Amino acid sequence: MTNAVIAATGLFTPDQSISNEELVAAYNAYADRFNDRHSAEIAEGDVAPLTHSSVEFIEKASGIKSRFVLDKAGVLDPERMAPNIPERSNEELSVLAEMAVKAAQQAIAAWGKPVSEIGAVLCAASNMQRAYPAMAIEVQQALGIEGFAFDMNVACSSATFGLKTAADFIASGSVKAVLMVNPEVCSAHLNFKDRDSHFIFGDVATAVIIESADQAGPGGWDILGSRLKTTFSNNIRNNFGFLNNAAPEGIGAPDKLFVQQGRKVFKDVVPMVSDMIVDHAGELGIDPTGLKRMWLHQANINMNQFIGRKVLGREPEADENVIILDEYANTSSAGSIIAFHLHHDGFAPGDTGLICSFGAGYSAGTVFVRKRAA
């Protein structure tokens, strides 16, 4: 069995960003227009009026202050409330593949080795732009990588599931190096007309190169162990899919976008993930209270702070429990990888950290890593 190493990471960030103030102004304008159009039904009690959102509500509920998006104008248009992302021809690089390639190119440059050493490409994300051909195969072709590629979707946990899959391929000797990409256009499956969730998501893409320890150069991160868990829940759901065409009466319904019952998710997921981290650490002989840093899924600051306290047994310092969702919002599978990519400095060889994700499914993944000597 060959150990796996996280050798390099990459990040693509869109050049457009939306502040809470801008988002709230757009939503409130939409709500006012909705209430005006349905004033008679509201007066009769047949339609519930929409209430305003606020910056204070968003930041208290989530810790989010802004988010990057591919298209700002469409989201902030009260008559549209959705990004405007035109379809491309089959001869053009697709949107998700283009984002993934940009993140991958950054990771490959940091890695400093030829792509001929990569034997597999995994596209692990919460939504795929199409059913087939696989996004991973398109990324593979665009980068000139041989071997094999496939897509995988475990919602917000996709990246940690991808890391374990890559590590298992390496352990079995199937390949010597794997490229995993996480392109997320979360703004396209978010209902910007829903006050309770219109602020949650942003767009981004991340990439990770995982390689065999016996060929890895100095630096990087040994993967000490990875664990996955799933348990079924309807509390986070998106019913969009190809069978919608067979039931056209449901097309455009709210459940064809992201929906969740946030309070139930918090109550269920926080203890599940906290216990999973502590149990996995114990199995690996790691003292969880001695972790130098945690790169958790960036869904909600309150969830992350609670998990941090449970794992460390105290209030974490800012550099121990990394938060990037204030700037990026929830970027689904990419969140923990963004945190790792941007905040992995200050480690001495032998220091340990945790990459962890959790989300719809429910699903959760833990990946303990140790800094290698430079």
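Please read all numbers here as calculations on a predicted model, not as lab measurements.

Parameters and conventions
Residues numbered from 1 in each chain as written. Predicted model: local features only at pLDDT ≥ 70, side-chain atom pairs only at ≥ 80, totals over all residues. Heavy atoms only, no water. Pairing = 2+ DSSP bridges. Helix = DSSP H or I, 4+ residues; strand = E, 2+ residues; numbered from the N terminus. Axes fitted to C-alpha atoms, helices over the stretch in contact; angles between N-to-C directions. Contact = heavy atoms within 4.5 Å. Polar contact = N/O pair within 3.5 Å; in protein donor to acceptor, adjacent residues only side chain to side chain. Expected span 1.5 Å × (residues − 1). Buried < 20%, exposed > 50% of the residue type's maximum accessible area, 1.4 Å probe, protein only. Phe/Tyr/Trp six-rings, centres within 6.5 Å; stacked < 30°, edge-to-face > 60°. Lys NZ or Arg CZ within 6 Å of the ring centre and 35° of its normal. Salt bridge = Lys/Arg side-chain N within 4 Å of Asp/Glu carboxyl O.

Asks: Help me out: how do you make sense of the sheet that holds strand E6 (residues 177-185) in this one?
Replies: Hydrogen bonds between backbone groups are what pair the strands of a sheet, and the pairing can be parallel or antiparallel. In space, the nine strands of this open sheet follow the order E5-E4-E6-E7-E1-E8-E13-E12-E11, with mixed pairing throughout. Edge positions in the sheet fall to strand E5 (148-152) and strand E11 (293-296), since each of these pairs with one other strand and no more. Looking at each pair of strands side by side, their axes are set apart by 25 degrees on average, direction ignored. Note that strand E12 (residues 352-359) and strand E13 (residues 363-371) share eight bridges and pair antiparallel. Note on E13: the bridge partner recorded for Thr352 is Arg370. Here helix H9 (residues 301-312) sits on the sheet in contact with E11 and E12, set at roughly 145 degrees to E11. Strand contacts of helix H11 (residues 335-342): strand E1 (4-12), E6, strand E7 (203-212), strand E8 (221-230), E11 and E12, with the helix running at about 95 degrees to E1, the strand carrying the most contacts.

Asks: Hey, could you run me through the environment of Gln215 in this one?
Replies: Following the sequence through the fold, Gln215 ends up in the loop between E7 and E8. Those residues within four positions of Gln215 in sequence are excluded, and the remaining contacts are Lys113, Glu117, Lys176 and Ala177. At 3.1 Å, the side chain of Gln215 and the side chain of Glu211 are in polar contact.

Asks: In this structure, what is going on with the side chain of Ser226? I would like to understand it.
Replies: When you line up the elements, Ser226 lands in strand E8. Setting aside residues up to four positions removed in sequence, Ser226 forms contacts with Lys164, His280, Thr366 and Val367.

Asks: Where do I start with helix H1 (residues 20-37) in this structure?
Replies: An α-helical turn contains 3.6 residues, so any two residues separated by three or four positions project in the same direction. Taking 1.5 Å of rise per residue, 18 residues should cover 26 Å, and H1 covers 26 Å from first to last C-alpha, within 8% of that figure. If you check which residues of H1 are buried, you get Asn20, Leu23, Val24, Ala26, Tyr27, Asn28, Tyr30, Ala31, Phe34 and Asn35. Check the buried side of H1 and you find it contacts strand E2 (16-19), helix H2 (39-44), helix H3 (55-62), strand E3 (66-69) and helix H4 (72-75).

Asks: Even after reading the chapter, I still don't get the packing of aromatic side chains, so can you show me in this structure?
Replies: Under the criterion given, the structure shown has 14 aromatic pairs. Aromatic pair Tyr27 and Tyr30: ring centres 6.2 Å apart, planes at 55 degrees, arrangement tilted. Placement of both Tyr27 and Tyr30 in helix H1 is noted, with a separation of three residues, approximately one turn of the helix. As far as burial versus exposure is concerned, Tyr27 and Tyr30 are alike and both buried. The interplanar angle of 45 degrees and the centroid separation of 6.3 Å between the aromatic rings of Tyr30 and Phe34 together place this pair among those described as tilted. With Tyr30 and Phe34 both in helix H1 and four residues apart, the pair spans about one turn of that helix. Overall, Tyr30 belongs to the buried group, its relative accessible area being 12%. Among the aromatic residues, those joined into a ring-pair cluster are Trp221, Trp295, Phe340 and Phe347. When the ring centre of Phe57 is taken as origin, the NZ or CZ atom of Arg195, which lies over that ring, is 4.2 Å away. Above the ring of Phe347, the side-chain terminus of Lys292 is found at 5.7 Å from the ring centroid.

Asks: I keep staring at helix H7 (residues 158-172) and nothing clicks. Help me out?
Replies: Here H7 contains 15 residues, and its C-alpha end-to-end distance of 21 Å stays within 8% of the 21 Å for a straight helix at 1.5 Å per residue. Taken together, the buried positions of H7 are occupied by Ser158, Ala159, Thr160, Phe161, Gly162, Leu163, Ala166, Ala167, Ile170 and Ala171. Just downstream of H7 lies Gly173, where phi reads positive at about 85 degrees.

Asks: What should I look at first to understand the pattern of salt bridges in this one?
Replies: Oppositely charged side chains are able to pair whenever their charged atoms sit close together. Applying the stated rule across the entire model yields 16 salt bridges. The partner of Glu79 in a salt bridge is Arg37, with the nearest N and O atoms 2.7 Å apart. Of this pair, Glu79 sits in the loop between H4 and helix H5 (95-111) while Arg37 is found in helix H1, placing the two residues 42 residues apart along the sequence. Measuring nitrogen to oxygen at the nearest pair gives 3.7 Å for the salt bridge that ties Asp345 to Arg293. Within this pair, whereas Asp345 is found in the loop between H11 and E12, its partner Arg293 is found in strand E11, the two being separated by 52 residues in sequence. Taking the relative accessible area as the measure of exposure, Asp345 reaches 52% and is therefore exposed. Judged by its relative accessible area of 6%, Arg293 is buried. In this structure, a network of salt bridges that share partners links the residues Arg33, Arg37 and Glu79.

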